[in-house]
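Residues per chain, in single letters:
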Amino acid sequence: MPTVPQLNPVKVSTESIITVENLCSALSITLEELNEVRSIPNGERYIASQIPKKDGTMRVVHNPHFRLRRIQRRINKRILSRQSVVSWPDHIFGSIPNQLDSERIEHEKDYVACARVHCEAKSILSIDIANFFDNIHITKISKIFCEFFKYSTEVSNILAEICCHNDNLIQGALTSSYLATLSLYEVEGKVVERLLKKNLRYTRLVDDITVSSRLAGYNFDYAKALIEEMLIDMDLPMNSSKTRIQYNSTVPLTVHGLRVAFKEPRLPGDEVRKIRAAVHSIELMASEPNYRTTHPYRRDFNRCMGRVNKLSRVGHQQHSVLVNRLRKVMPLPSPKDIERTIKIITRLERDYPTKRGTFWFSKRYYLAHERLNILKRSFPGISKELRKRLKPLRSKYE
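Residues numbered from 1 in each chain as written. Predicted model: local features only at pLDDT ≥ 70, side-chain atom pairs only at ≥ 80, totals over all residues. Heavy atoms only, no water.

The chain has the name RNA-directed DNA polymerase in an unreviewed UniProt entry, where Pseudoduganella rivuli is given as its organism. In the Sequence similarities (unreviewed entry) part of its UniProt record, the chain is described as follows: "Belongs to the bacterial reverse transcriptase family." (UniProt positions renumbered as here; feature names shortened; annotations may be inferred.)

Helix and strand content of the chain: 16 helices and 15 strands. With respect to the three principal axes, the spread of C-alpha positions in the chain is 65 × 60 × 45 Å. Expressed as a percentage of its 398 residues, the buried residues of the chain come to 44%. Taking the contacts inside the chain whose residues are at least 6 apart along the sequence as the reference set, 70% of them involve residues at least 24 apart. Of the roughly 21200 Å² of accessible surface on the chain, 51% is carried by carbon and sulfur atoms. Placing the 66 positive and 43 negative side-chain charges of the chain at their respective mean positions leaves the two points 8 Å apart. (Helix = DSSP H or I, 4+ residues; strand = E, 2+ residues; numbered from the N terminus. Buried < 20%, exposed > 50% of the residue type's maximum accessible area, 1.4 Å probe, protein only. Contact = heavy atoms within 4.5 Å. Areas by Shrake-Rupley, 256 points an atom, 1.4 Å probe, with all protein chains shown as cover. Lys, Arg positive; Asp, Glu negative; His and termini not counted. Charge placed at Lys NZ, Arg CZ, Asp CG, Glu CD.)

To continue, consider the packing of aromatic side chains. All told, the structure shown has twelve aromatic pairs when counted by the stated rule. The lysine or arginine in question, Lys109, covers the ring of Phe93, its NZ or CZ lying 4.6 Å from the ring centre. Looking at Arg356, its charged tip hangs above the ring of Tyr352, at a distance of 4.9 Å from the centre. (Phe/Tyr/Trp six-rings, centres within 6.5 Å; stacked < 30°, edge-to-face > 60°. Lys NZ or Arg CZ within 6 Å of the ring centre and 35° of its normal.)

Moving on: the nonpolar core. For soluble globular proteins, nonpolar side chains are generally found buried alongside one another. Core analysis: the biggest nonpolar cluster contains 67 residues, and Phe149, Val211, Ile227 and Leu231 have the highest contact counts within it. With six residues, helix H7 (residues 153–163) is the single largest residue contributor to this core. Apart from the residues within four sequence positions on either side, Phe149 is in contact with Lys11, Ser16, Ile79, Leu80, Val85, Val86, Ile144 and Leu182. Core analysis: the next-biggest nonpolar cluster, separate from the first, contains 28 residues, Val112, Leu267, Tyr297 and Leu311 among them. (Core = buried A, V, L, I, M, F, W, Y, C linked by side-chain atoms within 4.5 Å.)

Counting across every chain of the model gives one cavity of 30 Å³ or more. The wall of the largest cavity is formed by Leu7, Asn8, Pro9, Pro89, His91, Ile92, Thr181, Leu184, Tyr185, Glu188, Gly189 and Arg204. Broken down by class, the residue content of the lining of the largest cavity amounts to six nonpolar, four polar and two charged. (1 Å grid on protein atoms, 1.4 Å probe; cavity = no way out; pocket = protein on both sides within 12 Å on 5 of 7 lines; lining within 4 Å. Points joined across faces, edges and corners; volume = space filled by probe spheres on them. Nonpolar A, V, L, I, M, F, W, Y, C, P; charged D, E, K, R; others polar.)

Here we take up the pairing of strand E8 (residues 123–128). Among the six residues that make up E8, six are buried, leaving the element largely enclosed by the rest of the structure. One ladder, built from four bridges, connects E8 with strand E13 (residues 244–247); its direction is antiparallel. Among the inter-strand pairings, Ser126 is bridged to a residue of E13, identified as Arg244. (Pairing = 2+ DSSP bridges.)

Another point: the packing of helix H14 (residues 335–355) against helix H15 (residues 359–375). Direction vectors running N to C along H14 and H15 enclose 150 degrees, while the axes themselves pass 10 Å from each other. Looking at the two axes, H14 sits roughly antiparallel to H15. Viewed along their axes, H14 and H15 form a crossing whose handedness is left-handed. Packed against H14, whose contacting residues are Asp337, Ile338, Arg340, Thr341, Ile344, Ile345, Arg347, Leu348, Asp351, Tyr352 and Lys355, the element H15 presents Phe361, Arg364, Tyr365, Leu367, Ala368, Arg371, Leu372 and Leu375 at the interface. (Axes fitted to C-alpha atoms, helices over the stretch in contact; angles between N-to-C directions. Parallel < 35°, antiparallel > 145°, perpendicular 65-115°, else oblique. Left-handed = near helix turned anticlockwise from the far one by under 90°.)

We note that the domain assignment places domain 1 (10–244), domain 2 (269–322) and domain 3 (335–391) within the chain. On a C-alpha basis, the centres of domain 1 and domain 3 stand 36 Å from each other. (Domains from an automatic or database assignment.)

Taken as a whole, the largest pocket spans an internal volume of roughly 1500 Å³. Lining of the largest pocket is provided by 41 residues; of these, Arg59, Asp128, Asp207, Asp208 and Lys242 occupy positions nearest its centre. Mapped by element, the contributors of at least two residues to the lining of the largest pocket are strand E3 (58–64), E8, strand E10 (168–169), strand E12 (208–213), E13 and strand E14 (254–255). For the lining of the largest pocket, the residue count by class is 14 nonpolar, 16 polar and eleven charged. The computed volume of the second largest pocket comes to approximately 710 Å³. Mapped onto the lining of the second largest pocket, the elements with two or more residues apiece are strand E6 (99–100), helix H5 (111–117), helix H9 (188–196) and strand E11 (201–205). Among the residues making up the lining of the second largest pocket, the classes are represented as eleven nonpolar, eight polar and six charged.

Let's shift gears to the sheet that holds E11. An order of E5-E11-E12-E8-E13 is seen for the five strands of this open sheet, with the pairing classed as mixed. Edge strands, defined here as strands with exactly one partner in the open sheet, are strand E5 (92–93) and E13. Pairing of E11 with E12 involves five bridges; the strand directions are antiparallel. Directly across from Leu205, in E12, lies its bridge partner Asp208.

Structure (structure tokens):
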């Protein structure tokens, strides 16, 4: 018999958080710490910044106050991202952890895995939810904690307050992607089930909905109406300018930037060419005297390696070739790196008694590790001695 797909998010854990004291215990914080975060003035909770989008416009991102960030991170790690608490449905991808099935096989949940669902499609409908986070009200978030997680009203309202800003989800809060993904938990499964009966495949990558058919020239009017009705019922508008239908023709069908006319997703040919060109550019930079020891080179090298690793995710044969080329021109340390690494480790030693286990301590610890890995290429003896000092400072952060 074919496997029946999971259609809705499911709360796996039978435990619930009923009191504020239980919430503090679950997040390993004191009541005083919780109250301090809740008392942060609205204008100080987030710092706004802008980052460019692909279409040339700017996206406003809000960086949470470090105390607020700490609690949001723990909500993610101990509630929203734990498979022992939440099991995510088959059609949901992006911003959620990979899922283990009953046989302990890991199922990836990134954009490549999402595109793979639509491989060998001949017709594709793409729908974008407009201003997804901004259109999810705090009352909806409180309802998720209360009715989905079965937490008390008081606890649910506190969690919603911590995860929202100005009565809505906000771009930049660490919990926003998880909660936005959960926002359709009541209605989405029914839509997916109805579309499956029409032999249509449905996925959602945060705010990007994709429906595909293996029939050429498929009429998506029914599917589009069904999804639009679902979104309107949840007070979520469609972004009409980004809604499009693709048919198999001279233009390759793509989902999340990957070609899906094959059995496995593929990068567009021009993207592969751009990645090869980026590797060649790094090789030219490396040939300049002493440039491999500079921070700009290190930054460009890491960015290039990340692009090359995209080839691995789609099984491209050029991946190993390009990785080997990059390994020959890896960044090298300078004497200043020794000084900087000693300062980081000395500070970690000083802060260990009082700050171990915090996010910022953990971040500096792994930064020191990264620096030592680079130092080892030119100064193996110094790197070995400094690593001995760093080893006892390891502290797991949750």
